[in-house]
Amino acid sequence: MPAEPAAEIRQALFNGRDWITTEEWTDAELDVMLDVASDLKRKFKGRVAHRYLPDQTIFLMFFDKSTRTRNSFEAGITQLGGHGHFLTADAMQVSHGESAKDTGIILSSYGHAIAIRHDLIPGEGNAYMREVARWAEAPVINMQCDIDHPCQTLADLMTIREKRGRSTRALKVAVSWAYAPSYAKPLSVPQGLIMLLPRFGMDVVLAHPPEYNLMPETVAAAERNAARGGGRFRIADNMEEAFRDADVVIPKSWGCLDTMGADPSESLRIAKKYAHWICDAGRMKLARPDVLYMHPLPADRGNEVTDEVIDGPNSVVYAEAENRLHTAKAIMALTMAEQAVEYQPGGAG
Ligand code: CP
């Protein structure tokens, strides 16, 4: 019997590139990222060693709390053969005013990448990480800023492809505001989703109450990307319109752009008017029977979503959260490795 032909293997290297928003990466580059993430997922599940970053150090700098992001990066860098330093901004000299320039130059002289979460104050986080990147000798990775959460949206795209196939053209996706009393959540997840998904042909409907506008430049990017990518993008003022016949629903809360930085409690005060913006079984019935319910987590159970929905058969939130590990590893491997990373093409659906 002739031997089975070996599966095609490709190699990729994005060494030294910053990962700040998905806007700076082409569709083809994002396809490679997702193929590498799928390959790393297969290797992780099969307990196949994949130490692409031996002895490398990534600094993980947080201005905000985290469960998934911190732990996917820490576990991920360990599995890649390196080490992550967990840093909180309040325990660093940045809290005494040390500049982004000095922080970038010094941390990058000690290690191989700097990852930053700085997401709560509109106008600050993205600018801060770009200033670090301007001076750092190593790649800078955005673990969530005020504009984008590219690690989350890449994992979301991977999850949609795994569940619905690689061709996502004409899938209808509802990105909706939902009520949450816990805290004024950043705007960067919905902004990142509306910018990214239309590039892959999806028909995205954004729904929110009037006080919860997203940054105009991200809405403009969504419109531009839809026109270029063959997808569609429009805005509705109610959840029902967004949910009707949807293939994917991503309802989550976010704060008010104008007051989020100075007074986050104002977002929560206004939100009380919209406590009926919840993803429940009735609204899920408006969507297609096989609709995917997604949420980046943490979810405000009983407010953003009922237990029945998030624990129900349409929910893919744990697969989505798991994919944060595989995509974080792909981002680190491709931007930090000095030698090309091998992968099998055609992953993620
Ligand atoms: N989705 C997400 O970024 O989760 P964490 O805030 O827990 O990192």
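Residues numbered from 1 in each chain as written. Predicted model: local features only at pLDDT ≥ 70, side-chain atom pairs only at ≥ 80, totals over all residues. Heavy atoms only, no water.

**Comments concerning the site of the ligand**
Every residue close to the ligand is listed here: S66, T67, R68, T69, R117, H149, Q152, P296, L297 and R324. The separation between an oxygen atom of the ligand and a polar side-chain atom of R117 is 2.9 Å. Notes on the ligand: free accessible area 260 Å², of which the protein chains cover 93%. (Near = heavy atom within 4 Å. Polar contact = N/O pair within 3.5 Å; in protein donor to acceptor, adjacent residues only side chain to side chain. Areas by Shrake-Rupley, 256 points an atom, 1.4 Å probe, with all protein chains shown as cover.)

**With respect to the domain arrangement of the chain**
According to the domain assignment, the chain contains domain 1 (10–148 + 324–342) and domain 2 (150–320). The straight-line distance from the C-alpha centre of domain 1 to that of domain 2 is 25 Å. Surface buried jointly by domain 1 and domain 2 totals about 2700 Å² across both partners, of which 58% is contributed by carbon and sulfur atoms. Connecting domain 1 to domain 2 are five salt bridges. Where domain 1 packs against domain 2, one counts 13 residue pairs in polar contact (both at pLDDT 80 or more). Elements with a contribution of two residues or more to the side of domain 1 that touches domain 2: α1 (27–45), α2 (68–79), β5 (140–145) and α12 (317–336). Classifying every residue of the side of domain 1 that touches domain 2 by side-chain character gives 16 nonpolar, nine polar and ten charged. (Domains from an automatic or database assignment. Buried area = accessible area lost by both parts, 1.4 Å probe. Salt bridge = Lys/Arg side-chain N within 4 Å of Asp/Glu carboxyl O. Helix = DSSP H or I, 4+ residues; strand = E, 2+ residues; numbered from the N terminus. Nonpolar A, V, L, I, M, F, W, Y, C, P; charged D, E, K, R; others polar.)

**Observations concerning the sheet that holds strand β6 (residues 172–177)**
Across the sheet, five strands lie side by side as β8-β7-β6-β9-β10; this open sheet has parallel pairing. The sheet is open, and its two edges are formed by β8 (232–236) and β10 (292–293), each paired on a single side. Here strand β7 (residues 203–207) pairs with β8 via five bridges, running parallel. For D203, the partnering residue across the bridge sits in β8 and is R232. (Pairing = 2+ DSSP bridges.)

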